[in-house]
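Close look at the chain arrangement
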Amino acid sequence: MSAASFLRSEDQFLCSICLDVFTDPVSTSCGHNFCKNCINEHWNSNDQYLCPLCKKIFCTRPELHINTFVSEMVSHSSEQQAAKPGEVHCDVCTGTKLKALKSCLVCLTSYCETHLEPHLTKSVLKRHHLMDPVENLQDRMCMKHDKPLELFCKTDQTCVCVLCAYSDHKTHDVVPLKEEYEGKKAELGKTEAEIHEMIQKRRLKIQEIKHSVDLSEEAADREKAEGVQVFTALKESVERSLNELIETIEEKQRTTEKQAEDFIKELEQEISELKKRSSEAEKLSHSEDHLHLLQNFPFLKAAPTTKDWTEVSIRPSYEGTVVKAVTQLEETLSKQMKKLIEAELKRVQQYAVDVTLDPDTAHPNLILSDDGKQVYCGDVKKNLPDNPERFSLNPCVLGKQSFSSDRFYFEVQVKEKTKWDLGVARESINRKVEIIASPKNGYWTIILRNGNEYKALAVPPVCLSLKSRPQKVGVFVDYEEGLVSFYDVDAAALIYSFTGCSFTEKLYPYFCPCNNYGGKNSAPLIICPVNQTA
């Protein structure tokens, strides 16, 4: 027999003296039960040994016996703990409110184990809809019709009663609450899976960032070692430059680590929020409370306010750090500069890309080789479609390949030419007007004029004093760093660098062989394979 069958009434466990649940229950010889302390105090304060219930008078103070049966029942009753703050309590309990075991949607009442028994034993009550205990059962009633919210209006996305379905929602798509509950619960499972996937992606991104920091630290160590090797070979005049170089590199590394730390904190915060969201979704997905699930579903279904981390990465750049420090001491550091530039060139050559010329952008006077690697200016203007991509006034052509991230490098032979332009240009340049090449107009280029006059078309243009005429020019771009550098490949010398650039769109390799001037400038610009020797 279940314990609940014994618990017909709370009164069975109340002491008739203190009117509270028995404490150390004892029985008198007349068969009545009291708290041991209560009956003793009662007899101590009276002249007679009188039973408070049946009024039987005892000649001598009766011997009290511990009532083990009542003790066990009281102990069992106490196992049904009083409802704690935030827990649903039994609406029937008159003394201590016990924790509710179930709520009835028909009676709109919550019951503890004892008071739930009629719903489990009486046939008329067995048909009632029981569910896990919930607060505010009145909220499950239609405020307008005072009927249970048993239907769901898909048109208005709200819960309604039967009368609502025949009045305000008569022409709407109305379905049973359970039907919509099952559909939303299935969607919730999908949402939960998506959240787990987002968490996993962010964990992988954290690993990627940590790995990038490790690689960055290794690169920083190599760069510092190279700087130390260069500057320790010099005298006191360059000691200050050495310290500045190391500090610059370390500052970049600290910046990289700080950036990575910020990213990781942000990712961990998103993971925490997503875990919370996942926990809520999981809890909701196991809920049998139709209304609670439907009312909270839109919040969990809404896309979480998280960042798209796909393009986020740590991209430390140390190329040029040592070079910039050493160029300030050009006269005394010429030999070291040569070594540094050679090492620098080898590093940027690692980012070599395969560039080919785009005939759809070529000016009609230009002659392109079949393999798209050579271009020179002819004397006859070809009859070509004047498409928007084509240069109309200047003898220029772009590469087919575009770049909007990372780093890239290519080399161009300029041997035997007296005039040329080389560099990169952004996608939106105006190709139908006379070109005024400058960063402001979307060009980052260097040029040759009159056979030996070199300029970087910055603002204002910078005249370049080169020790020798370049035969092959290397072009290196670091998109994120905003850097465009030009190298004399054979001499292993830096020609010029545009720094602090702000790139916001695609960049294309830019070539202008210029007019041939009766054969004086007829040699082609040739895109060369990069020799990446160690």
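Structural data are supplied above this passage.
First, a word on scope: everything that follows refers to the structure included in this document. On a predicted model such as this, the values are computed, not experimentally measured, just so you know. (Residues numbered from 1 in each chain as written. Predicted model: local features only at pLDDT ≥ 70, side-chain atom pairs only at ≥ 80, totals over all residues. Heavy atoms only, no water.)

1. Some remarks on the overall build of the protein
Across its full length, the protein carries 10 helices and 24 strands. Radius of gyration (C-alpha) of the protein: 43 Å, far over the 24 Å computed for a compact globule of 534 residues. By its C-alpha atoms, the protein is 140 × 75 × 35 Å across when sized along the principal axes. Relative to its full complement of 534 residues, the protein shows a buried share of 43%. Contacts spanning at least 24 positions in sequence make up 60% of the contacts within the protein whose residues lie at least 6 apart. Total accessible area computed for the protein in this model is approximately 29700 Å², and 50% of it derives from carbon and sulfur atoms. In the protein, 67 side chains carry a positive charge and 80 a negative one; their mean positions are 4 Å apart. (Helix = DSSP H or I, 4+ residues; strand = E, 2+ residues; numbered from the N terminus. Rg over C-alpha atoms; globule rule 2.2 N^0.38 Å. Buried < 20%, exposed > 50% of the residue type's maximum accessible area, 1.4 Å probe, protein only. Contact = heavy atoms within 4.5 Å. Areas by Shrake-Rupley, 256 points an atom, 1.4 Å probe, with all protein chains shown as cover. Lys, Arg positive; Asp, Glu negative; His and termini not counted. Charge placed at Lys NZ, Arg CZ, Asp CG, Glu CD.)

2. Comments concerning the sheet that holds strand 11 (residues 174-176)
With respect to topology, 3 strands assemble into an open sheet ordered 10-9-11, the strand pairing being antiparallel. In this open sheet, the two strands that pair with only one neighbour each are strand 10 (158-160) and strand 11. Here the strands of the sheet are splayed against their neighbours by 35 degrees on average, with no regard to which way each runs. Here strand 9 (residues 151-153) pairs with strand 10 via 3 bridges, running antiparallel. The partner of phenylalanine 152 across the bridge, within strand 10, is cysteine 159. Seen against the sheet, helix 6 (residues 177-231) touches strand 9, strand 10 and strand 11 and runs at an angle of roughly 85 degrees to strand 11. (Pairing = 2+ DSSP bridges. Axes fitted to C-alpha atoms, helices over the stretch in contact; angles between N-to-C directions.)

3. Here's the deal with helix 1 (residues 36-44)
Count 3.6 residues to each turn of an α-helix, and residues three or four apart come out pointing the same way. All of the buried residues along helix 1 are Cys38, Ile39 and Trp43. Take helix 1 and look down its axis: the buried residues cluster within an arc of 125 degrees, on one side only. Summarising the contacts, the buried residues of helix 1 are in contact with strand 1 (25-27), strand 2 (33-35) and strand 3 (49-50). (Arc of directions from axis to C-beta.)

4. Regarding the pairing of strand 15 (residues 407-413)
Here strand 15 lies mainly inside the structure; 6 of its 7 residues are buried. Two strands pair when backbone bridges link them, and strand 15 and strand 24 (residues 525-528) are joined in this way by 3 bridges, in the antiparallel orientation. Among the inter-strand pairings, glutamine 413 is bridged to a residue of strand 24, identified as isoleucine 526.

5. Details of the sheet that holds strand 16 (residues 420-426)
An order of 14-23-16-17-18-19 is seen for the 6 strands of this open sheet, with the pairing classed as antiparallel. The sheet is open, and its two borders are formed by strand 14 (397-398) and strand 19 (462-464), each paired with just one other strand. Note: strand 17 (residues 443-449) against strand 18 (residues 453-456), 4 bridges, orientation antiparallel. For isoleucine 446, the partnering residue across the bridge sits in strand 18 and is alanine 456.

6. Remarks on the packing of aromatic side chains
Summed over all chains, the structure comprises 12 aromatic pairs. Taking 6.4 Å as the distance between ring centres and 65 degrees as the angle between the ring planes, the aromatic pair formed by phenylalanine 391 and tyrosine 510 counts as edge-to-face. With phenylalanine 391 in the loop between strand 13 (374-377) and strand 14 and tyrosine 510 in strand 23 (residues 507-512), this residue pair connects regions lying 119 residues apart in the sequence. Its relative accessible area of 1% is what places tyrosine 510 among the buried residues. With a centroid separation of 6.2 Å and an interplanar angle of 55 degrees, the aromatic rings of tryptophan 420 and tyrosine 454 are classed as tilted. Linking tryptophan 420 in strand 16 with tyrosine 454 in strand 18, this pair joins segments that are 34 residues apart in sequence. Put simply, the rings of Phe391, Tyr443 and Tyr510 pair up and form one aromatic cluster. (Phe/Tyr/Trp six-rings, centres within 6.5 Å; stacked < 30°, edge-to-face > 60°.)

7. Details of the pattern of salt bridges
A complete count under the given rule lists 19 salt bridges for this structure. Measuring nitrogen to oxygen at the nearest pair gives 3.1 Å for the salt bridge that ties lysine 307 to glutamate 266. Taken together, the positions of lysine 307 in the loop between helix 8 (290-301) and helix 9 (321-327) and glutamate 266 in helix 7 (residues 239-285) put the pair 41 residues apart, joining distant regions of the chain. Residue class for glutamate 266 comes out partly exposed when judged on its relative accessible area of 31%. Aspartate 386 is the partner of lysine 432 in a salt bridge, and the nearest nitrogen-oxygen pair spans 2.6 Å. Pair noted here: lysine 432 is in the loop between strand 16 and strand 17 and aspartate 386 is in the loop between strand 13 and strand 14, with a separation of 46 residues, a long-range link. Salt bridges linked by common partners bring Asp221, Lys224 and Glu250 together as one network. (Salt bridge = Lys/Arg side-chain N within 4 Å of Asp/Glu carboxyl O.)

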